[in-house]
Amino acid sequence: MIRIFTHSFTSLAVLCTFMLSATQALAQAYLSEDGVVEATDGRQLAYTIDRPSTESGKLPLLIVIDGSGCVGHKRAGFSELLAPSGNPDIAYARLVVGKSGVPATKAASDDCSDTFMEHYAIDQRVLDHLRILQVLTREISWWNGQLVVFGWSDGGDIATQLFAYNPKISRLAFGGVGGGFTMQEHFEDFWVCAEGQVEDREGCVASLREQFDAIDRNPTWTEHWSGEDNSYRAWRSRLSTRLTPILHNETRPVLMVHGAEDLSGAPVQSAQKLAANLEPTDTFIYWEIAGMGHDIWSLPPEKALALETRILRWLFEAG
């Protein structure tokens, strides 16, 4: 049975008030450790681990996976997402993996380096995370064996694949990616050639497919499509992805979160389709968030923080 909830947040007001004060009181109450792991192609994969400064015992590990763009994993805003400092009742460490060729604190997705363009793709990011986990879960002395993952937008696709390919991960929370329809179907049916929104839908779809065929035939990092930070290589790794096959019959708990008002990032209909596709499972939960667009912070700050905290509690509720 799929459990589908539409949240209005009226039940989260007390939790939100508590977490706002807790976050303010415990800001920066964690220790950060930067490291690198060498990939098979010689790249140095950067990562950061944040741990509560007051905890000296064994801890679970939460992987937080960033979305698209040549932005840094330690930039303001993202570096606070699901940080261990604001949740004193849940002790855990957080792992974030940087993107190749991107300075850790880079805030804007412009002036992308050749290294980023050459190596950014969904499948490559999955492999990079797997490589880092291969090393860290073998070597970190404070890990208690519990491993959970969260990702959003591109990061949601990456997180879902990472979860599917790594049996050590016990829980997955992801959002902003849809997953029931492919990205190509998003463009054809919701964004560019939507029924009733263009005069010649057949011609519009044919034109789009010519562009997609060009991307598929030559997935180079030197050609861009729909933005200077999106290479043909990156698009090829996105356009055909459908998450149903790798989540179907999954026995580990999975939470999908999506904004009811999301269209531009990933149409909410795509998330609804994935939920419908996974009807036979009993471990999949779908939260459709009233009033939310593509990302959590499209909500008012207090509601965004309450949702972030709700997701965190779900990830660790099994202990």
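It should be emphasised that the depicted structure is a prediction, and the values quoted were computed from it without experimental measurement. (Residues numbered from 1 in each chain as written. Predicted model: local features only at pLDDT ≥ 70, side-chain atom pairs only at ≥ 80, totals over all residues. Heavy atoms only, no water.)

### A look at the pattern of salt bridges
Pairing between side chains becomes possible if they bear opposite charge and their charged atoms approach one another. Counted under the stated rule, the structure contains 15 salt bridges. Arg 201 is paired through a salt bridge with Asp 189; the nearest N and O atoms lie 2.8 Å apart. Taken as a pair, Arg 201 in helix H6 (residues 201–217) and Asp 189 in helix H5 (residues 183–191) lie far apart in primary sequence, 12 residues in all. A residue is classified by how much of its surface remains accessible, and Arg 201, at 24% relative accessible area, is partly exposed. Asp 189 gets classed as partly exposed once you look at its relative accessible area, which sits at 32%. For the salt bridge of Asp 216 with Arg 236, the shortest nitrogen-to-oxygen distance reads 3.1 Å. Here Asp 216 is found in helix H6, whereas its partner Arg 236 is found in helix H7 (residues 232–239), with 20 residues between them in sequence. Given the relative accessible area of 43%, Asp 216 is considered partly exposed. The class of Arg 236 is partly exposed, set by a relative accessible area of 41%. (Salt bridge = Lys/Arg side-chain N within 4 Å of Asp/Glu carboxyl O. Helix = DSSP H or I, 4+ residues; strand = E, 2+ residues; numbered from the N terminus. Buried < 20%, exposed > 50% of the residue type's maximum accessible area, 1.4 Å probe, protein only.)

### Observations concerning the pairing of strand E8 (residues 254–259)
With 6 of 6 residues buried, E8 is to be regarded as a mostly interior element. Neither face of E8 is exposed, since Val 254, Met 256 and His 258 on one face and Leu 255, Val 257 and Gly 259 on the opposite face are all buried. In this sheet, E8 lies alongside strand E7 (residues 169–175) in parallel orientation, the contact comprising 4 bridges. Along E8, the bridge assignment pairs Ala 173 with Leu 255. Bridge count between E8 and strand E9 (residues 284–289): 6 bridges; the pairing is parallel. By the bridge assignment for E9, Leu 255 is matched with Ile 285. A crossover links E8 with its parallel partner E9, the connecting element being helix H9 (residues 268–277), and its sense is right-handed. (Pairing = 2+ DSSP bridges. Right-handed = clockwise from strand over helix to strand, strands pointing away.)

### Topic: the environment of Trp 235
You can see Trp 235 is positioned in helix H7. Trp 235 sits in the buried class, given a relative accessible area of 6%. As for Trp 235 and Gln 184, which are separated by 51 residues in sequence, their C-alpha atoms are 9.6 Å apart. What Trp 235 contacts, discounting residues up to four positions off in sequence, is Met 183, Phe 187, Ile 215, Trp 225, Ser 226 and Asn 230. (Contact = heavy atoms within 4.5 Å.)

### Here's the deal with the state of the cysteines
Enumeration over the complete set of coordinates arrives at 2 disulfides. Residue Cys 70 pairs covalently with Cys 112 via a disulfide, S to S 2.1 Å. Residues Cys 70 and Cys 112 are joined through a disulfide that is left-handed, its torsion about the S-S bond being -65°. Of this pair, Cys 70 sits in the loop between strand E4 (59–65) and strand E5 (93–97) while Cys 112 sits in the loop between E5 and helix H2 (114–119), and the two are 42 residues apart along the sequence. Overall, Cys 112 belongs to the partly exposed group, its relative accessible area being 22%. Two residues, Cys 193 and Cys 204, share a disulfide whose sulfurs are 1.9 Å apart. Because the torsion about its S-S bond is -75°, the bridge between Cys 193 and Cys 204 counts as left-handed. (Disulfide = S-S within 2.5 Å.)

### Overview of H9
For an α-helix, the turn length of 3.6 residues means that residues three or four places apart are oriented alike. Residues of H9 that are buried include every one of Val 268, Ser 270, Ala 271, Leu 274 and Ala 275, and no others. Down the axis of H9, the smallest arc covering the buried residues is 160°, so these residues share one side. (Arc of directions from axis to C-beta.)

### Things to note about the nonpolar core
Counting residues in hydrophobic clusters, the biggest one holds 48 residues, and the most contacted among them are Leu 61, Ile 63, Leu 95, Val 149, Phe 174 and Leu 247. Take this core: its biggest share by element is 6 residues, from helix H3 (residues 122–139). The next biggest cluster of nonpolar side chains, apart from the first, holds 27 residues, and it includes Phe 78, Leu 82, Val 148 and Phe 150. (Core = buried A, V, L, I, M, F, W, Y, C linked by side-chain atoms within 4.5 Å.)

### Some points on unusual backbone geometry
Although it is not a glycine, Ser 153 adopts a positive phi angle of roughly 60°. Its place among the elements puts Ser 153 in the loop between strand E6 (143–152) and helix H4 (154–165). At Asn 249, a residue that is not glycine, the phi angle is positive and equals roughly 65°. Mapping Asn 249 onto the fold places it in the loop between helix H8 (244–247) and E8. A residue is classified by how much of its surface remains accessible, and Asn 249, at 56% relative accessible area, is exposed.

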